[in-house]
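So the chains spell out like this:
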Amino acid sequence: MKILVVNAGSSSLKYQLIDMETEKVLAKGGCERIGIQGSLLKAKGNGSEKEFNVDMPNHKVAIELVLKALSDEEVGVLASMAEIDAVGHRVVASGEYFTKSTLVTPEVLKVLEEKTFELAPLHNPAAATGLRACMDVMPETPMVLVFDTSFHATMPEKAYLYGIDYEDYKKYGVRKYGAHGTSHKFVAAEAAKYLGKKPEELKIVTCHLGNGSSITAVDGGKCVDTSMGFTPLAGVLMGTRSGDIDASAVEFLARKKGMNHADTITYLNKKCGVAGISGVSSDFRDLIAGAESGNSRCKLALDMFSYQTKKFVGAYAAAMGGLDCIVFTAGIGENTELVREKVCEGLEFLGVKFDGKANLLKNNGKIREISEKSSKVKVLIISTNEELVIARETAELL
Ligand code: AMP
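What counts and how
Residues numbered from 1 in each chain as written. Predicted model: local features only at pLDDT ≥ 70, side-chain atom pairs only at ≥ 80, totals over all residues. Heavy atoms only, no water. Helix = DSSP H or I, 4+ residues; strand = E, 2+ residues; numbered from the N terminus. Buried < 20%, exposed > 50% of the residue type's maximum accessible area, 1.4 Å probe, protein only. Polar contact = N/O pair within 3.5 Å; in protein donor to acceptor, adjacent residues only side chain to side chain. Contact = heavy atoms within 4.5 Å. Pairing = 2+ DSSP bridges. Axes fitted to C-alpha atoms, helices over the stretch in contact; angles between N-to-C directions. Salt bridge = Lys/Arg side-chain N within 4 Å of Asp/Glu carboxyl O.

Undergrad: It is not clear to me how the side chain of D148 should be interpreted in this structure. Could you clarify?
TA: Relative to the helices and strands, D148 is located in the loop between β8 (143-147) and α4 (157-160). Since its relative accessible area comes to 3%, D148 is described here as buried. Only 2.5 Å separates the side chain of D148 from the side chain of R90, close enough to count as a polar contact. When sequence neighbours within four positions are dropped, the list of residues in contact with D148 reads R90, V91, V92, A179, H180, G181 and T182.

Undergrad: Teacher, can you tell me more about the sheet that holds β8 here?
TA: The strands making up a sheet associate through backbone hydrogen bonding, with each pair oriented either parallel or antiparallel. Spatial strand order, β5-β4-β3-β2-β1-β6-β8-β7: eight strands in an open sheet with mixed pairing. Lying at the two open borders of the sheet, with one neighbouring strand each, are β5 (48-52) and β7 (102-103). Helix α1 (residues 59-70) rests against β1 (2-8), β2 (13-19), β3 (24-32), β4 (40-45) and β5 of the sheet, and its axis sits at about 35° to β2.

Undergrad: In this structure, what is going on with the pattern of salt bridges? I would like to understand it.
TA: Side chains that differ in sign of charge can pair as their charged atoms come close. Applying the stated criterion across every chain yields a total of 18 salt bridges. Here E96 ties to R175 by a salt bridge, and the two come within 2.8 Å at their closest N and O atoms. Taken together, the positions of E96 in the loop between β6 (86-91) and β7 and R175 in the loop between α5 (166-172) and α6 (181-195) put the pair 79 residues apart, joining distant regions of the chain. Overall, R175 belongs to the buried group, its relative accessible area being 7%. Overlapping salt bridges, with partners in common, bring together K50, D72 and E74 in one network.

Spelled out as structure tokens, the structure:
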């Protein structure tokens, strides 16, 4: 079975074609600048790379070009598009309308377009555009929606509710939904496999630390709490997002800076986080270089990020009544030694014996254990693979 995974943004469309028998990526690539002058498809397959400099006024043209690339004589891997058994689409937000991956029907499409757009105004309309483009070009091929939020659907009410009027929650759906669900699901399952345990036997805290960061408590294979909220603005401070902040401080800041609602949300999403604290960059490589050359605000940003992440690890160990494993994943989790060290520092009381030497070994794409053999709590680095989860969920639904 071959599954095409599509991740559509407003002006981009990334894809992977995965063979489900081997779970190998047969081909992958991405369209950039859709609807903008200078659009381009970069495609990989057959051990080659090729750029298609073709005008892509919309997503339909983009997906047609992707299909052409998939059967291209140089980078192509398919004889015909009939070999694609289904398409899995990444969708950022589901609200309470979908709690698991869902096969697209006219009714599902209607709910996606009429109910969920306001929950993720930048992302969900783009996903729907990508979906409609695929439906146009491949009308006979089953389409599946895979949501970033689904893995968090098992959270209990006490974890996902905000302390607001319960009627307002019911009326408007304002609650915690979380994000990065496919990543948390993938690394938690990989950790169980690596440890030779069933997911039901383990209490794991998964730390997806990237430009957007979220931490999740996975008890018995199920999400019981997560750090992101109604939107990905909540939780730890991130590249440019503030993370958790007192709502009254937001109103105060908006008044002082003369920002309206939209400006304020843009400010909290784009101008804050470690970029705002350091005044240097949102990229942890720059922060580390800055801290090493004596920039105290870069050091502060790194300290804040690690401290806030550590607090979620502790909180979730308490919430689950124990801890067997901490997993680090995503750009920072997989590559930033200093953050992993600082997060685990002082967690001996929980049963963490951190292996400082193993932490410094180079990323080899494999699962790496960075706790000592005798550590009660295992600490692992696992490369995330969100596309594979989307492909697996799509295949399962068929
Ligand atoms: P992601 O959103 O998962 O792609 O993560 C992006 C972030 O990971 C970047 O902004 C960097 O801060 C961080 N990152 C990626 N590669 C490295 C690296 N080799 N060393 C340190 N940080 C890295």
